[in-house]
Amino acid sequence: MKIILGITGGIAAYKAAELLRLLRGRDADVEVVMTEAATRFVAPLTFEALSGKPVHSDQWQGMAHIDLSRGADAILIAPATADFISKIAYGRADDLLSALCLARECPLHIAPAMNRMMWENPATRRNMRLAKADGVILHGPDDGIQACGESGPGRMMEPVEIAERLFSFLAPKYLNGKKFLITAGPTVEAIDPVRAITNFSSGKMGYALARAAIDAGASVILVSGPTALRPPSGAEFIPVVSAIEMREAVMARIREADVFASVAAVADYRVANASGIKIKKEGSLTLELVPNPDILAEVANLENAPFCLGFAAETDHLVEHAEEKMLRKKVDMLAANLVEDAMGLDTNEIVLLTPVGRRILARTSKQEIAAELVREIANELDLR
Ligand code: CTP
């Protein structure tokens, strides 16, 4: 993927370094173009080091204004100042970056950043209307504390969110019209109002799968136990706590789903009689545990069940346990990993079982694994 990252002269220019790192982290080939004003805020050397390429800002270098954007998938301007937005709106081309925008063949994305008064000024509002009418894609701005100390709309959207939205925009939409219901994270089973039994799931794999399905054009309902993660933008998010709540949330919506991906680490047991008041310590304590419903097995055994993807985290005999689980729960596809390879990490390594055989998904980021799983599901649904 080839992306032109344009940086204009605002204090948020320092955040463009993080944005560049995120784009490069997803293997994008990024050419950085800075306006003269942007180079006053952050030295081009920073972006040269992060992109591994020279930074462009001189409009008098041959046909750079045309050559640079040839074959680009997108131009992303972050931050985009009020001044630069006015140039885009009026089709001006008096520096390299604005000339590139005018001579482009690809979509133009902008992440505005400016003082709230500038953002709310009728001139900026008018320029934004013009730019949007011409198909410019807007990311942000956010509301919040600004560099000048004031608070209001005009903060640049966080780099992680801009990158997420850009990749989502660029991904092929082969799951358009399909609905995924995904469970993620741990469940937490109360012992009393202040104590609980849970497990070590971070939720990262389930959230990554939700992101990948959204990127491929699916609509996604994400039913999640408590995690420290930000819900993926674009998902319908249903937070739950216990396995019983998770089951209820899933069963209420399962009829809408074409695909059910059961990524949650559902606690196998809950406390038989959770106490309504805090238990005081008096010597040893014995808890009676009763089994929780198996949500995946219940869904997979429904009449007209959706396509079901299950997960298995094992400490040993990975393939044997996974094959047994796949048959017992009657799922269409099962992603198995070793606990030590995945738990809490940002990467994963998976043995993928389908009715016709098994495939290894070699160690890579959970986001890449998720994208591969979504492609496999689309293959099974005959969508690719
Ligand atoms: N699962 C579920 N509901 C449960 C338990 C598990 O939906 N109560 C789902 C998980 O989301 C996962 C798959 O079933 O997709 C495998 O879960 P796991 O706990 O590993 O399987 P179990 O059948 O509980 O086997 P065991 O604990 O004996 O390994």
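Residues numbered from 1 in each chain as written. Predicted model: local features only at pLDDT ≥ 70, side-chain atom pairs only at ≥ 80, totals over all residues. Heavy atoms only, no water.

Re the overall build of the protein chain
Here's step 1: The secondary structure content of the protein chain amounts to 15 helices and 19 strands.
Here's step 2: The C-alpha extent of the protein chain, read off along each of the three principal axes, is 75 × 55 × 35 Å.
Here's step 3: Across the 384 residues of the protein chain, 48% fall into the buried class.
Here's step 4: On the protein chain, the mean spot of the 42 positive side-chain charges and the mean spot of the 50 negative ones are 4 Å from each other. (Helix = DSSP H or I, 4+ residues; strand = E, 2+ residues; numbered from the N terminus. Buried < 20%, exposed > 50% of the residue type's maximum accessible area, 1.4 Å probe, protein only. Lys, Arg positive; Asp, Glu negative; His and termini not counted. Charge placed at Lys NZ, Arg CZ, Asp CG, Glu CD.)

Things to note about the state of the cysteines
Here's step 1: The tally for this structure, following the rule as stated, stands at zero disulfides.
Here's step 2: In this structure Cys 106 is not part of a disulfide, and its nearest cysteine sulfur, from Cys 101, lies 8.7 Å away.
Here's step 3: For Cys 106, a relative accessible area of 8% puts it in the buried group. (Disulfide = S-S within 2.5 Å.)

With respect to the sheet that holds strand S4 (residues 108-112)
Here's step 1: Taken in spatial order, the five strands line up as S2-S1-S3-S4-S5 in an open sheet, and their pairing is parallel. Of all the strands in the sheet, the pair left with one neighbour each is strand S2 (29-34) and strand S5 (137-138).
Here's step 2: Here helix H3 (residues 44-51) sits on the sheet in contact with strand S1 (2-7) and S2, set at roughly 170 degrees to S2. (Pairing = 2+ DSSP bridges. Contact = heavy atoms within 4.5 Å. Axes fitted to C-alpha atoms, helices over the stretch in contact; angles between N-to-C directions.)

Points about the site of the ligand
Here's step 1: In the region of the ligand, 13 residues are neighbours, and Ser 262, Ala 264, Phe 311, Lys 325 and Lys 329 sit closest.
Here's step 2: At 2.7 Å, a backbone N or O of Ala 264 approaches an oxygen atom of the ligand.
Here's step 3: Residue Asp 268 places a side-chain N or O atom 3.2 Å away from an oxygen atom belonging to the ligand.
Here's step 4: Compared with its free state, where it exposes 570 Å², the ligand has 78% of that area covered by protein.
Here's step 5: At the level of secondary structure, the elements contributing two or more residues to the shell around the ligand comprise helix H12 (295-300), strand S16 (307-314) and helix H13 (318-329).
Here's step 6: Among the elements that take part in the shell around the ligand, H13 stands out by supplying three residues, more than any other.
Here's step 7: Grouping the constituent residues of the shell around the ligand by class yields six nonpolar, two polar and five charged. (Near = heavy atom within 4 Å. Polar contact = N/O pair within 3.5 Å; in protein donor to acceptor, adjacent residues only side chain to side chain. Areas by Shrake-Rupley, 256 points an atom, 1.4 Å probe, with all protein chains shown as cover. Nonpolar A, V, L, I, M, F, W, Y, C, P; charged D, E, K, R; others polar.)

Comments concerning helix H8 (residues 122-133)
Here's step 1: Between its terminal C-alpha atoms H8 stretches 16 Å, which fits the 16 Å expected from twelve residues at 1.5 Å a residue.
Here's step 2: Those residues of H8 that fall on the buried side of the exposure criterion are Thr 124, Asn 127, Met 128 and Ala 131. The buried residues of H8 occupy an angular sector of 100 degrees when projected down its axis, which confines them to one face. Turned more than 90 degrees away from the buried face of H8 sit Pro 122, Arg 129 and Ala 133, all of them exposed. (Expected span 1.5 Å × (residues − 1). Arc of directions from axis to C-beta.)

Comments concerning the sheet that holds strand S18 (residues 347-354)
Here's step 1: Strands sit in the order S12-S11-S8-S13-S16-S17-S18-S19 across an open sheet of eight strands; the sheet is mixed. Here the strands that pair on one side only, and so sit at the sheet edges, are strand S12 (236-239) and strand S19 (357-365). Between one strand axis and the next, the sheet turns through 15 degrees on average, direction left out of account.
Here's step 2: Summarising the sheet, strand S13 (residues 259-262) and S16 pair through four bridges and their orientation is parallel.

Quick notes on the domain arrangement of the protein chain
Here's step 1: As far as domains go, the protein chain holds domain 1 (2-170) and domain 2 (179-383).
Here's step 2: Computed from C-alpha coordinates alone, the two centres of domain 1 and domain 2 are separated by 38 Å.
Here's step 3: Counting residues at the interface gives six residues for domain 1 and seven residues for domain 2.
Here's step 4: Buried area between domain 1 and domain 2, both sides added, is near 580 Å², and the carbon and sulfur share of it is 35%.
Here's step 5: Here domain 1 and domain 2 share three salt bridges between them.
Here's step 6: The shortest N-O distance in the salt bridge between Glu 164 and Arg 211 comes to 3.1 Å.
Here's step 7: On the surface where domain 1 and domain 2 come into contact, there are three residue pairs in polar contact (both at pLDDT 80 or more).
Here's step 8: Of the residues contributing to the side of domain 1 that touches domain 2, the split by class is one nonpolar, one polar and four charged. (Domains from an automatic or database assignment. Buried area = accessible area lost by both parts, 1.4 Å probe. Salt bridge = Lys/Arg side-chain N within 4 Å of Asp/Glu carboxyl O.)

Some details on the packing of helix H1 (residues 15-25) against helix H9 (residues 159-170)
Here's step 1: Following both chains from N to C, one finds H1 and H9 inclined at 40 degrees, their axes separated by 9 Å at the closest point. In terms of orientation, H1 lies oblique with respect to H9. When the axes of H1 and H9 are compared, the crossing they make is right-handed. Two secondary-structure elements touch here, H1 through Lys 15, Glu 18, Leu 19, Leu 22 and Leu 23 and H9 through Pro 159, Val 160, Ile 162, Ala 163, Leu 166 and Phe 167.
Here's step 2: Classifying every residue of the contact of H1 with H9 by side-chain character gives nine nonpolar, no polar and two charged. (Parallel < 35°, antiparallel > 145°, perpendicular 65-115°, else oblique. Left-handed = near helix turned anticlockwise from the far one by under 90°.)

Here we look at the pairing of S16
Here's step 1: Counted residue by residue, S16 has seven buried out of eight residues, so it is predominantly covered.
Here's step 2: Examined bridge by bridge, S16 and strand S17 (residues 333-338) share six bridges and lie parallel to one another. The partner of Phe 311 across the bridge, within S17, is Ala 335.
Here's step 3: In this fold, the crossover linking S16 to S17 by way of H13 has right-handed handedness. (Right-handed = clockwise from strand over helix to strand, strands pointing away.)

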